[in-house]
Amino acid sequence: MNTPTNLADIRKQIDALDGELRGLLLARAGLVAQVGKAKAVSGDTSTLRPKREAAQISTLAEWQKTQAPDLPLDSLVAIWREIIGMAVVQQGGLSVYSLSSTQAIARAHFGASMDYQLAATPAQAMAAIDTRSVAIIPLDQASLPSPPQQVVARLPATGPAQALCYGLCGEEAGEGDVTLVQAELGVVANSAGGAVDGVEIFADASKRLYEMDGAMSAADIEAQFGAQLIWLGTYRRPFCEGAE
């Protein structure tokens, strides 16, 4: 009788599980197709749902932390990002414009199936933004978006910030949302004289970037801070180990 350590039997069980995974991927693709049909009926042409995607990755990271600590989080995130990428392609795909400095992080985030374009400047990348195109800009070149453009995500999906994703997004405010603002170096006071209530994610010789809790509009930021802060966008804060 074969024992549990018999390699042939173990590999058969692995092959059987692989078959189940393929079946689940096919079932998921069927549901994604239904989503695409529902969007077509409603007139929704956007394939990008960055807040939903960030929530999916956060759920995955919490599961890994509590249920599967021996599985590397980076590997799990890479698998899920590819699954999400397949769904985006099913719904029409996405063009991702990046600079040479953000090309690798863009590919790691959006997966193997997207249409990748290399831009010479941030302005060139951002000029290409539409409902099916995004721009990946390094933190040190963050700039005021032209409405209705905004920062819709920061990359990578987990860990410290490295780049910003600019796009068009109509998602509603939700749990875990933050507002990204830019302040000139040394500007840390609001209209009431207190410190900016946010987390600094970047600073250089000319500016600082802060994530402030909650989804606020450009008008909200202007009313509270005047010209001291510049609104860049809102998105769901990515999962960061130890941040909870």
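The preceding data block contains the structure.
Just so you know, these numbers come straight off a predicted model, no measurement behind them.

Calculation notes
- Residues numbered from 1 in each chain as written.
- Predicted model: local features only at pLDDT ≥ 70, side-chain atom pairs only at ≥ 80, totals over all residues.
- Heavy atoms only, no water.
- Helix = DSSP H or I, 4+ residues; strand = E, 2+ residues; numbered from the N terminus.
- Buried < 20%, exposed > 50% of the residue type's maximum accessible area, 1.4 Å probe, protein only.
- Contact = heavy atoms within 4.5 Å.
- Areas by Shrake-Rupley, 256 points an atom, 1.4 Å probe, with all protein chains shown as cover.
- Lys, Arg positive; Asp, Glu negative; His and termini not counted.
- Charge placed at Lys NZ, Arg CZ, Asp CG, Glu CD.
- Axes fitted to C-alpha atoms, helices over the stretch in contact; angles between N-to-C directions.
- Parallel < 35°, antiparallel > 145°, perpendicular 65-115°, else oblique.
- Left-handed = near helix turned anticlockwise from the far one by under 90°.
- Nonpolar A, V, L, I, M, F, W, Y, C, P; charged D, E, K, R; others polar.
- Expected span 1.5 Å × (residues − 1).
- Phe/Tyr/Trp six-rings, centres within 6.5 Å; stacked < 30°, edge-to-face > 60°.
- Lys NZ or Arg CZ within 6 Å of the ring centre and 35° of its normal.

Caption draft 1: View of the overall build of the protein. Helices and strands together make up the secondary structure of the protein, namely six helices and nine strands. Based on the C-alpha atoms only, the size of the protein along its principal axes is roughly 75 × 40 × 35 Å. The buried share of the protein, reckoned over its 244 residues, is 40%. Put simply, 66% of the contacts in the protein that link residues at least 6 apart link residues at least 24 apart. Total accessible area on the protein is roughly 13,100 Å²; 57% of this is exposed by carbon and sulfur atoms. Mean positive and mean negative side-chain charge positions of the protein (18 and 27 charges, respectively) differ by 7 Å.

Caption draft 2: Summary view of the packing of helix α2 (residues 50–67) against helix α3 (residues 73–90). One can describe the packing of α2 onto α3 by two numbers: an axis separation of 10 Å at closest approach and a directional angle of 150°. Judged by the inter-axis angle, α2 sits roughly antiparallel to α3. Relative to α3, the crossing made by α2 is right-handed. In this structure, α2 contributes Glu-53, Gln-56, Ile-57, Leu-60, Ala-61, Trp-63 and Gln-64 to the contact, and α3 contributes Leu-73, Leu-76, Val-77, Trp-80, Arg-81, Ile-84 and Val-88. Tallied by class, residues from the contact of α2 with α3 come to 10 nonpolar, two polar and two charged.

Caption draft 3: Local environment of α3. With 18 residues, α3 extends 26 Å between its outermost C-alpha atoms, agreeing within 8% with the 26 Å of an ideal straight helix rising 1.5 Å per residue. Looking only at α3, the buried set comprises Leu-73, Leu-76, Val-77, Arg-81, Ile-83, Ile-84, Gly-85, Ala-87 and Val-88. Residues of α3 that are buried make contact with α1 (7–42), α2 and α4 (103–110). The first or second residue beyond α3 is Gly-92, which carries a positive phi of 120°.

Caption draft 4: Broad picture of the packing of aromatic side chains. Tallied over the entire structure, the rule returns zero aromatic pairs. The positively charged end of Arg-81 is found above the aromatic ring belonging to Phe-110, 5.9 Å away from the centroid.

Caption draft 5: Spatial organisation of the packing of α1 against α3. Here α1 crosses α3 at 40°, and the two axes come no closer than 10 Å. Considered as vectors, α1 and α3 are oriented oblique to each other. Seen along the crossing, α1 lies across α3 with a hand that is right-handed. Here Leu-25, Arg-28, Ala-29, Val-32 and Ala-33 of α1 come into contact with α3, specifically with Ile-83, Met-86, Ala-87 and Gln-90. Partitioned by chemical class, the residues of the contact of α1 with α3 number seven nonpolar, one polar and one charged.

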